[in-house]
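Commentary on secondary and tertiary structure
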2 protein chains.
Amino acid sequence: MTRILEVRKNILKKNDMLAGDLRDKFQSAGVCVVDLVSSPGAGKTELLEKTLEKLSDKGYEVAALVGDLETENDANRLARSGVPVRQIETHGICHLEAEMVDNHLRDWDLSKLDFLFIENVGNLVCPSSYDLGEDFRVVFLAVTEGEDKPLKYPTIYNSSDVAIITKIDLAEAVEFDRQTAVESIHSVRPGIPILEVSAKKEIGMDEWISFLESKVNKKATVAEV
Amino acid sequence: MTRILEVRKNILKKNDMLAGDLRDKFQSAGVCVVDLVSSPGAGKTELLEKTLEKLSDKGYEVAALVGDLETENDANRLARSGVPVRQIETHGICHLEAEMVDNHLRDWDLSKLDFLFIENVGNLVCPSSYDLGEDFRVVFLAVTEGEDKPLKYPTIYNSSDVAIITKIDLAEAVEFDRQTAVESIHSVRPGIPILEVSAKKEIGMDEWISFLESKVNKKATVAEV
């Protein structure tokens, strides 16, 4: 058991170092990097598709890396938005690592981008331990999942900077208890901003896009100082 | 990398050996053991709650072990059915292992049970590699998750013996495409039986209970030969 823990510690240490280098690279390129995490089917790809379109329409340069165990479905779907998208197939690995991100964007000119989105593998456990050098991490809770998921998977919520309640158009159909969900999220991650969105029905998208814009504006201000 | 793979291989080998012992133990006790796997929030606990009640009502002796990273919520919820239920808190580990199962049922008299259900941690990746000595594994696909999940998480479907499409009462609300979902499941696991269930609205429960009964009857027949 000691040996396993030691190996795991070394993997995470190596990942943290590489993620640190990536963060430096992203910062000097001036690109805002957003890591999207959730359970499978919480609506990451649908929200990302709309986000890429809306940011493009507003004149931002955006790109996306999407992680899955197998298939290029998500990359093909997102490519419809016309922005650069690349699939990372992990072939059985349950999370993205900094090295995979680094390998997949080597030939991209990051300085031309305003936003880079990284859609992690659908998994509420393992991605929480792997820093990808992102500016912030967004965790999704679909109303269909149950209000107690933050209590059961505290680490992924703890390590996130924003929570989005997705599929809010289905709230009534599944008897979603908003107050309990918000309390669950805030009990494991006090004060985290919570947005409510339905990408399908275009609910809450303006708030989400404004939130993203505030992040690049803030970065720009800091850079000017 | 070689060292990591080697350590992982050793962990799995140790788990397989222990799972083999567990399987022998389950078989000589004459208990049918069912492992439930799915992404978080696919409806495992709700279906299990109803299953325990219905099997109890029919005179079967049933019990359940439920895995979660944190909280005893599920065990408390399932205990309402009046059958023996025990929580396995994995504290950050993303799957159940044979050793955890073994440790949590040591003081139970398995020979008194007809069914033991094991609700795995909500995760479509990691549990697939860990044999728990079960008779069969059931994978859940909620209609809210998207029809392509079997293609993205093939290993968990490959290693399962039955697939249950859950939350079927929401099929229309989420524009669920049944044919695509069935094709996805069968393309990664040809011939796997597929049931359609809503535990909440009591749809398809009789078929599921009959399926379970056929498993103990079959076992009984084999034992008599």
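Because the structure is a prediction, the values reported are computed rather than measured. Residue numbering note: each chain is counted from 1, following its sequence as written. To label them, take the chains in the order written and letter them from A, then take the ligands in the order written and number them from 1. For a predicted model such as this one, the threshold for reporting local features is a pLDDT of at least 70, and the threshold for listing and counting side-chain atom pairs is 80 or more; totals across whole chains, interfaces and linings nevertheless cover every residue. Derived side-chain values reflect all non-hydrogen atoms in the structure, with water molecules and hydrogen atoms excluded from consideration.

1. What to know about the sheet that holds strand β7 (residues 194-196) of chain B
All names here are of chain B. For clarity, the threshold we go by: Only strands that DSSP links by at least two bridges are regarded as paired with each other. Runs of E in the DSSP output that reach at least two residues are strands. Runs of H or I that reach at least four are helices, and both are numbered from the N terminus. The angle between two axes is taken between their N-to-C directions and runs from 0 to 180 degrees, where each axis is a line fitted to C-alpha atoms and a helix contributes only its stretch in contact. When checking whether two residues touch, look at their non-hydrogen atoms; a contact exists if any pair is within 4.5 Å.
Sheet architecture is open: seven strands sit in the order β3-β2-β4-β1-β5-β6-β7, paired in parallel fashion. Each edge of the open sheet is held by one strand with a lone partner, namely β3 (85-89) and β7. Between one strand axis and the next, the sheet turns by 20° as a mean value, whatever way the strands run. As paired elements, strand β2 (residues 62-68) and β3 share five bridges and run parallel to each other. Counted as the bridge partner of Gly67 is Ile88 from β3. Strand contacts of helix α2 (residues 44-57): β1 (32-37), β2, β3, β4 (115-119), β5 (136-142) and β6 (162-166), with the helix running at about 170° to β4, the strand carrying the most contacts. Along the sheet face, helix α7 (residues 178-188) touches β5, β6 and β7 and points at about 150° away from the line of β7.

2. Overview of the packing of aromatic side chains
When we look at a pair of aromatic rings, we describe it by the centre distance and by the angle of the planes. Heads up, the condition is: Each Phe, Tyr or Trp ring, with Trp reduced to its six-membered ring, pairs with another whose centre is within 6.5 Å; inter-plane angles below 30 degrees give stacked pairs, above 60 give edge-to-face pairs, and intermediate values give tilted ones. Here the term buried applies to any residue with accessible area under 20% of the maximum for its type, exposed to any over 50%, and partly exposed to those in between, with areas from a 1.4 Å probe on protein chains only. Whether a charge lies above a ring is judged from NZ of Lys or CZ of Arg, which has to be within 6 Å of the ring centre and within 35 degrees of the ring normal.
Under the counting rule described, the total for this entry stands at eight aromatic pairs over all chains. Ring plane angle 70° and centroid distance 5.6 Å describe the contact between Tyr60 of chain B and Phe115 of chain B, whose orientation is recorded as edge-to-face. Highlighted residues: Tyr60 of chain B in the loop between α2 and β2 and Phe115 of chain B in strand β4, separated in sequence by 55 residues. In this structure, Tyr60 of chain B and Phe115 of chain B share a single accessibility class: buried. The interplanar angle of 85° and the centroid separation of 5.7 Å between the aromatic rings of Phe136 of chain B and Phe211 of chain B together place this pair among those described as edge-to-face. Residue Phe136 of chain B is located in strand β5, and its partner Phe211 of chain B is located in helix α8 (residues 205-224); the two are separated by 75 residues in the primary sequence. The pair Phe136 of chain B / Phe211 of chain B is uniform in exposure class, with both members buried. Grouping aromatic residues by their ring pairs yields a cluster made of Tyr60, Phe115 and Phe117 of chain A. Here Lys215 of chain A stacks its cationic end above the ring of Phe136 of chain A, 5.2 Å away from the centre of that ring.

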